[in-house]
Amino acid sequence: MSLFDAPLFKDAYEQLEDAADVMGLDRNILERLKYPKRALQVAVPIRLDDGSVRTFQGYRVQHNMTLGPGKGGIRFHPGVDLSETAALAMLMTFKCALVGLPLGGAKGGIEVDPTTLSRQELQSLTRRYCTEISMIIGPNTDIPAPDIGTDGQTMAWFMDTYSQLKGYTIPGVVTGKPIAIGGSLGRAESTGKGVAFCVNFAYQKLDKVIDKNTTVAIHGFGKVGVPAAEDLAAQGARIVAISDVSGAVYNENGLDIEKCSQWTQSGKLLKDLDGVKLISNEELLELDVDVLIPAAIDGVVTKENAPRIKAKIIAEGANGPLTKEAIQIISARGGFIIPDILCNAGGVIVSYFEWVQGLQNFFWDLDQINSKLHDILKDSFDNVFETATKYNTDMKKAAFIVALARIERAMRLRGLFPA
Ligand code: GLU
């Protein structure tokens with residue numbers, strides 16, 4: 001099977017191709033970005049609590065490393081396969097380049113539903129996976145981080161396993177670690193915080209201000225959605241709808257975000273919350289709100305439901321939540337889309353800070369981290385907005401253009417080996 005048979009990979013490459021056409025990029029440069037540099041598929045056998053052995057499929061894909069070591073998360077999800085991992089690795093190449101990090105793009109994952117495994121089984125899975133991919137990762141080569149289905153604990157097991165293999169503690173092999181073992185302040189909430197910053201920048205560009213009349217719907221009230229909701233509520237916005245796997249909750253007067261996040265963080269489902277109207281995830285996406293934040297998974301807005309999406313601003317908190325066709329439909333009716341590689345880049349930006357702090361063994365305070373995060377995202381947003389104006393194109397293509405221009409420059413300087 002070709003990678004191009006998979007919708008997410010085909011979409012990611014076609015978006016790249018479209019941006020390359022708009023900017024007039026040399027086809028030889030595009031050709032070099034078409035396939036991942038390196039892809040490793042591994043068997044991850046573990047002993048389950050009942051004594052039986054089960055083998056899971058794992059992957060680590062490095063898309064391009066022209067700008068620096070590979071960077072990108074590890075996903076534990078039933079939908080993980082080689083083509084999805086390759087597509088997400090490709091997006092990481094452009095995300096890192098867009099926000100000016102000296103890093104390339106990579107991604108990893110295991111095809112597994114982590115909610116069906118015990119803590120012990122998850123630990124075995126993480127440690128065996130780390131061992132299997134250990135030959136291509138490292139603090140100078142490729143640095144994993146959390147993604148869907150993984151968290152600080154996963155990174156702690158991962159770092160410990162890699163360190164055991166090498167014989168000494170190597171915090172720089174992963175980011176998104178707990179603070180107690182070399183994690184960075186602000187990393188946990190950085191992706192959602194970045195989304196909230198980007199929504200604010202979009203409001204500024206549109207000459208509007210966020211206030212109590214600003215309505216927001218968030219698809220996926222998790223690692224990205226919760227801090228985005230908290231920050232936007234603090235900016236004065238009214239969060240009217242949020243969702244999890246059990247469905248969505250709606251309150252036109254605004255939800256109590258603190259109460260909702262305490263509820264979900266204690267492991268309870270949103271559908272069991274009192275005093276709210278239950279709606280479906282599909283209905284949430286189509287609400288008549290000012291801002292829609294799809295922050296769960298890819299492919300939730302397609303050409304089928306795109307014509308019914310009413311939000312004025314769509315902030316892509318997840319990776320690839322809008323298909324290429326959906327982006328075309330929404331852009332054509334004047335919807336303002338903040339593209340994923342910009343909107344959710346806060347996570348990898350603070351990952352980069354964590355990596356740098358780890359390499360230096362010198363740690364920064366939260367104000368420094370948040371103000372550096374803000375400044376990098378502000379510059380990147382302005383750059384994408386000006387590029388969109390210059391080329392008379394949408395924000396998605398503009399984001400790819402900015403990233404492609406940086407990678408092209410570096411590729412030309414480094415040359416093609418052998419010449
Ligand atoms: N998984 C996150 C992303 O998709 C973070 C990656 C990282 O921090 O390396 O951007």
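So, a few notes on the structure that sits alongside this text. (Residues numbered from 1 in each chain as written. Predicted model: local features only at pLDDT ≥ 70, side-chain atom pairs only at ≥ 80, totals over all residues. Heavy atoms only, no water.)

## Quick word on the site of the ligand
Part 1 of the reasoning: Close contacts around the ligand come from 14 residues, with Lys-71, Lys-95, Pro-146, Asp-147 and Ser-351 the closest.
Part 2 of the reasoning: Within the side chain of Lys-107, a nitrogen or oxygen atom sits 3.1 Å from an oxygen atom of the ligand.
Part 3 of the reasoning: Arg-187 places a polar side-chain atom, nitrogen or oxygen, 3.1 Å from an oxygen atom of the ligand.
Part 4 of the reasoning: When the free accessible area of the ligand is taken as 290 Å², the share hidden by the protein chains comes to 94%.
Part 5 of the reasoning: For the shell around the ligand, the secondary-structure elements that each account for two or more residues are strand 3 (70-77), helix 3 (82-98), strand 5 (142-146) and helix 12 (346-360).
Part 6 of the reasoning: Its residues assigned to classes, the shell around the ligand comprises four nonpolar, five polar and five charged. (Near = heavy atom within 4 Å. Polar contact = N/O pair within 3.5 Å; in protein donor to acceptor, adjacent residues only side chain to side chain. Areas by Shrake-Rupley, 256 points an atom, 1.4 Å probe, with all protein chains shown as cover. Helix = DSSP H or I, 4+ residues; strand = E, 2+ residues; numbered from the N terminus. Nonpolar A, V, L, I, M, F, W, Y, C, P; charged D, E, K, R; others polar.)

## Observations regarding the sheet that holds strand 7 (residues 238-244)
Part 1 of the reasoning: The mixed open sheet is built from seven strands, whose spatial order is 9-8-7-6-10-11-12. Where the open sheet ends on each side, the last strands, each with one partner, are strand 9 (277-279) and strand 12 (336-338). The average angle at which neighbouring strand axes cross in this sheet is 20°, direction not considered.
Part 2 of the reasoning: When strand 10 (residues 291-294) meets strand 11 (residues 313-315), the two strands line up parallel, connected through two bridges. Across the sheet, Leu-292 pairs through a bridge with Ile-314, a residue of strand 11. (Pairing = 2+ DSSP bridges. Axes fitted to C-alpha atoms, helices over the stretch in contact; angles between N-to-C directions.)

## Focus on the side chain of Lys-396
Part 1 of the reasoning: Along the chain, Lys-396 falls in helix 14 (residues 395-414).
Part 2 of the reasoning: Lys-396 gets classed as buried once you look at its relative accessible area, which sits at 6%.
Part 3 of the reasoning: Setting aside its immediate chain neighbours within four residues, Lys-396 contacts Gln-15, Glu-316, Ile-327, Pro-339 and Asp-340. (Buried < 20%, exposed > 50% of the residue type's maximum accessible area, 1.4 Å probe, protein only. Contact = heavy atoms within 4.5 Å.)

## Notes on unusual backbone geometry
Part 1 of the reasoning: Looking along the chain, the bond that leaves Phe-417 and enters Pro-418 is cis, with omega of -10°.
Part 2 of the reasoning: Residue placement: Pro-418 occurs in the segment after helix 14.
Part 3 of the reasoning: Of note in this structure, Asp-207 is not a glycine but carries a positive phi near 55°.
Part 4 of the reasoning: Within the fold, Asp-207 resides in the loop between helix 6 (187-205) and strand 6 (215-219).
Part 5 of the reasoning: Although it is not a glycine, Asn-361 adopts a positive phi angle of roughly 50°.
Part 6 of the reasoning: Locating Asn-361 in the fold gives a position in the loop between helix 12 and helix 13 (366-390).

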